[in-house]
Amino acid sequence: MFCTKCGKELPDGSAFCTNCGAKIVSEFSNGQAQKSDPPQPETASTTESHRVSKTQDGIQFSQQQTAEQSATSASNTGSEETNSETVVQQIIGKNAEYYLTQFVRMRQGAKSKINWASFFLGIGHASYRNVWREWLKAVRLPLILSIGLQVLGILLLQIQFILGIIVECLSIPVSIWFWVAALLLSKRFNQIYMRHVEDKVARHDLKPDPSIGRAILTWFVSWIAYMLLMSILSSLLMSALIGAFSGANEQILDDMVPNQEIVDSIEPISPETDDSLDSQAYAIDMNDYVGSWMVDRYNSYMDGFVGFTIENNNDQFYFSANGVWNQGDRVTNIEYAQIELNYEGTQAGGYYEDDRGNTGDIILDFEDGELYLTITVDGSGNYSFAMSHEHCTRDYDTAGNISEPESAPQTQSYKFYHEDHTYSNGMDGLGGYTIGEDHLWPTDTLTITDADLNELTRMEVAAIRNEIYARHGYTFSSQEWADFFATATWYVPNFAFSNDMLNTTEKQNVETILAYEKARGWNQ
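Attention here is on the structure that accompanies the text. (Residues numbered from 1 in each chain as written. Predicted model: local features only at pLDDT ≥ 70, side-chain atom pairs only at ≥ 80, totals over all residues. Heavy atoms only, no water.)

### Some remarks on the packing of helix α6 (residues 132–159) against helix α7 (residues 161–202)
Moving on, step 1. Axis separation between α6 and α7 bottoms out at 8 Å; the angle between their running directions is 170 degrees. In terms of their interaxial angle, α6 and α7 are classed as roughly antiparallel.
Moving on, step 2. By residue class, the composition of the contact of α6 with α7 is 25 nonpolar, 6 polar and 3 charged. (Axes fitted to C-alpha atoms, helices over the stretch in contact; angles between N-to-C directions. Helix = DSSP H or I, 4+ residues; strand = E, 2+ residues; numbered from the N terminus. Parallel < 35°, antiparallel > 145°, perpendicular 65-115°, else oblique. Nonpolar A, V, L, I, M, F, W, Y, C, P; charged D, E, K, R; others polar.)

### A few points about the packing of helix α3 (residues 96–107) against α7
Moving on, step 1. It is at 10 Å that the axes of α3 and α7 come closest, and there the two elements cross at 95 degrees. Regarding the angle of α3 to α7, the classification is roughly perpendicular. Between α3 and α7, the residues in contact are Tyr98, Tyr99, Gln102, Phe103, Met106 and Arg107 and Phe189, Asn190, Gln191, Tyr193, Met194, Val197 and Glu198, respectively.
Moving on, step 2. Among the residues forming the contact of α3 with α7, the class breakdown is 8 nonpolar, 3 polar and 2 charged. (Contact = heavy atoms within 4.5 Å.)

### Brief notes about the pairing of strand β11 (residues 347–353)
Moving on, step 1. Where burial is concerned, most of β11 is hidden: 5 out of the 7 residues are buried.
Moving on, step 2. The pairing of strand β10 (residues 330–341) with β11 spans 2 bridges and is classified as antiparallel. Paired with glutamate 340 across the bridge in β11 is glycine 349.
Moving on, step 3. Between β10 and β11, which pair antiparallel one after the other, the connecting turn spans 5 residues, and glycine 345 there sits at a positive phi close to 75 degrees.
Moving on, step 4. Where β11 and strand β12 (residues 359–367) come together, 7 bridges link them in antiparallel fashion. Within β12, the position partnered with tyrosine 352 by the bridge is glycine 360.
Moving on, step 5. The turn joining β11 and β12, which pair antiparallel and follow one another in sequence, is formed by 5 residues; a positive phi near 90 degrees is taken by glycine 357. (Buried < 20%, exposed > 50% of the residue type's maximum accessible area, 1.4 Å probe, protein only. Pairing = 2+ DSSP bridges.)

### Concerning the nonpolar core
Moving on, step 1. Within the largest apolar cluster, 32 residues are counted, with the highest numbers of intra-cluster contacts made by Phe416, Ile464, Trp481, Phe484 and Phe485.
Moving on, step 2. Taken together, the elements giving at least two residues each to this core come down to α10 (458–470), α11 (479–486) and α12 (504–519).
Moving on, step 3. By residue number, the principal contributor to this core is α10, which donates 7 residues.
Moving on, step 4. Listed in part, the 26 residues of the second largest apolar core include Phe317, Phe319, Ala348 and Leu371. (Core = buried A, V, L, I, M, F, W, Y, C linked by side-chain atoms within 4.5 Å.)

### Here we look at the pattern of salt bridges
Moving on, step 1. Under the counting rule described, the total for this entry stands at 9 salt bridges.
Moving on, step 2. In this structure, arginine 203 engages aspartate 199 in a salt bridge whose closest nitrogen and oxygen atoms are separated by 2.9 Å.
Moving on, step 3. By relative accessible area, which is 49% here, arginine 203 ends up partly exposed.
Moving on, step 4. Look at aspartate 199 and you get partly exposed, because its relative accessible area is 36%.
Moving on, step 5. Of the charged contacts, one joins lysine 415 and aspartate 438 as a salt bridge, the two residues approaching to 3.6 Å between their closest N and O atoms. (Salt bridge = Lys/Arg side-chain N within 4 Å of Asp/Glu carboxyl O.)

### A few points about a nonpolar patch on the surface
Moving on, step 1. A cluster of nonpolar side chains, namely Leu217, Phe220, Val221, Trp223, Ile224, Tyr226 and Met227, defines an oily patch on the protein surface of about 730 Å² accessible area.
Moving on, step 2. Mapped onto the secondary structure, tryptophan 223 falls in helix α8 (residues 212–254). (Patch = residues over 30% accessible without salt bridge, like charges linked within 9 Å, V, L, I, M, F, W, Y side chains within 5 Å. Areas by Shrake-Rupley, 256 points an atom, 1.4 Å probe, with all protein chains shown as cover.)

### Here's the deal with unusual backbone geometry
Moving on, step 1. The phi dihedral of asparagine 95 falls on the positive side, at around 65 degrees, and the residue is not glycine.
Moving on, step 2. By the secondary structure assignment, asparagine 95 is in the loop between α2 (87–92) and α3.
Moving on, step 3. By relative accessible area, asparagine 95 is classed as partly exposed at 47%.

### Comments concerning the packing of aromatic side chains
Moving on, step 1. Applying the stated criterion across every chain yields a total of 29 aromatic pairs.
Moving on, step 2. Between phenylalanine 119 and tryptophan 179 the ring centres are 6.3 Å apart and the planes differ by 65 degrees, which places this aromatic pair in the edge-to-face class. Of this pair, phenylalanine 119 sits in helix α4 (residues 116–121) while tryptophan 179 is found in helix α7, placing the two residues 60 residues apart along the sequence.
Moving on, step 3. Overall, phenylalanine 119 belongs to the buried group, its relative accessible area being 19%.
Moving on, step 4. Consider the rings of tyrosine 516 and tryptophan 522, whose centres lie 5.8 Å apart with planes at 75 degrees: the pair is edge-to-face.
Moving on, step 5. Note on tyrosine 516: relative accessible area 4%, which makes it buried.
Moving on, step 6. Since its relative accessible area comes to 23%, tryptophan 522 is described here as partly exposed.
Moving on, step 7. One aromatic cluster is present, built from ring pairs that chain together Tyr433, Tyr469, Tyr474, Phe476, Trp481, Phe484, Phe485, Tyr491 and Phe497.
Moving on, step 8. The positively charged end of arginine 520 is found above the aromatic ring belonging to tyrosine 516, 3.6 Å away from the centroid. (Phe/Tyr/Trp six-rings, centres within 6.5 Å; stacked < 30°, edge-to-face > 60°. Lys NZ or Arg CZ within 6 Å of the ring centre and 35° of its normal.)

Right, dumping it as C-alpha cells:
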C-alpha cells in the first residue's frame, strides 16, 4: 500500500505514514480490503483533488496534487531513505512508542487505557503534554465548587458556627467528586492526546509537545495559588475558632459557681478572733465605691504615694491608679483597667498593664464597708504597684482627681529646667561637672520640643538624651559619660538594661532629640 499524501510505499496495515506522519485509511470494497495502487502518471490536463474530511475515526489530510507532482514523488520514492523519526513521533517526543501503540489500539476500536501519569501528576503532566486546557475543562466544576464551599464554610464559622461546620462537611463529597473527575480524565487522556496530535498534524505544527519548563511553571503557579489560598483559609479559620472559643469562655465565666474567685492565687484571710465571726461578707453595690481613694500602705514595703479612682462608664467599672516614688523621680500609671464584680458581689478584679510594662491582677475586697486593695505583678516589676490587702481611704479633697497628701514629696529639681522653662548652664564639656541629687530635665514626664533644645548647648542636649537611659541604669561604654553620670546620687548601673524600660514619653523624647541633632549634623 502507498501513502495517499506523499506516495511512500508502506507495509500493509500501517496506521500512519512513516515518512510524513499522515493517517492511512484503508478502502473497502464488497467487504474485501484492497491495497492502494501506487500513484499513476497523469496527463497535464488532469489533476486529482483531495480535500480535508472528518470521519468517525479521525481526520484525513490531503492536498491537491498535479500529475507532474505525483510523477515526481513516485520517482523519488525509491531513492529517499526512510526517516527514523516520523512527524508524529517528533510531536509526541518522549514515550512516542507507548502513545503510538495506544493510538493504533484505539483506531482498531479498543478502549482507552488509564494513563496513571495523568492521574498522579495532574495538571503538571497535562502541561508537559500541552493539553492543560483540556485538563482544566474536565475538572473545573468540582474544583471551583470545592474551593468555594471551603471559603464559604470558614466565613460562616465566624457568623454561625454550626452552619459553617455543615458547609465544610458538604465540601468533602465535592472534593471526592474532583478526584473522581481526575480519574475519569486519566482514563480518557490517551484519546484526548491523540486528537491533540491529529489537530497539530492538520495545522502542520510539528513542534514537540513535551516541555519540562512549562510543567515546572505550571506546578509553581499552582503551588503559589494553593499556598495563598491555604494562608487565607487558615487565617479565617483561626479567627473563627478564636471567636468561637472566646464566646464559650465568656459563657463559662457567666455560669461560674459561687466558690470560684476572680483570682485563685489569693488565699482567703482566716479570722483571728471570735469577734470576726460577726463580720459577714455581703453583696455590695459598686456605685457606692465610685470615686477617688488613697492607699494607707500599712502592709506593703512601699516608699511612694499611691492613689486610685473607680469610675462607672455605661455600667462598666474601670480602675485607674497613680504612683510616685523617690521624691517624684519615678511615676507609674495604670489607666482604665476594666474590673468586674464576682458572683457573690464581695470582690472585684481585673487585669492591668501599667505604663512601665508591668502586668498583673487587681483585686478589690469589700469588707464591712471598708475597701482593701491587692495588686499582683508578673515578674520582679519595675517601680510597680505590688501590694497585698492594703486598706484604702477615700480622698474627699478631690472631685474625681487623684491628689497627693500634704506629706507628699516635694517636686524634683533639675539642672536645665525651672518653673516650666528650659535654661542653659553654658556647659560645653563634661569635665568637672557634678549632677548630685538633681536631674537634668524631666524627660520621663514632659515632652521636650525643638524650642526647648534651642535654649541648650550641644553638650547639654547630648547630656539630656543620655540621661533618659541613665535613669534606668544604662551602663555607658564611654568612660567620659560613665564618669559624668557617676556624679549623680540616683544613678545605679543596671546590666540587665533594656529599651523596653523606657516609657512612652521617654521614647518620644529620644526620637525628638536624635532628629534635632541629626538636623544640625551633631550625631554624624
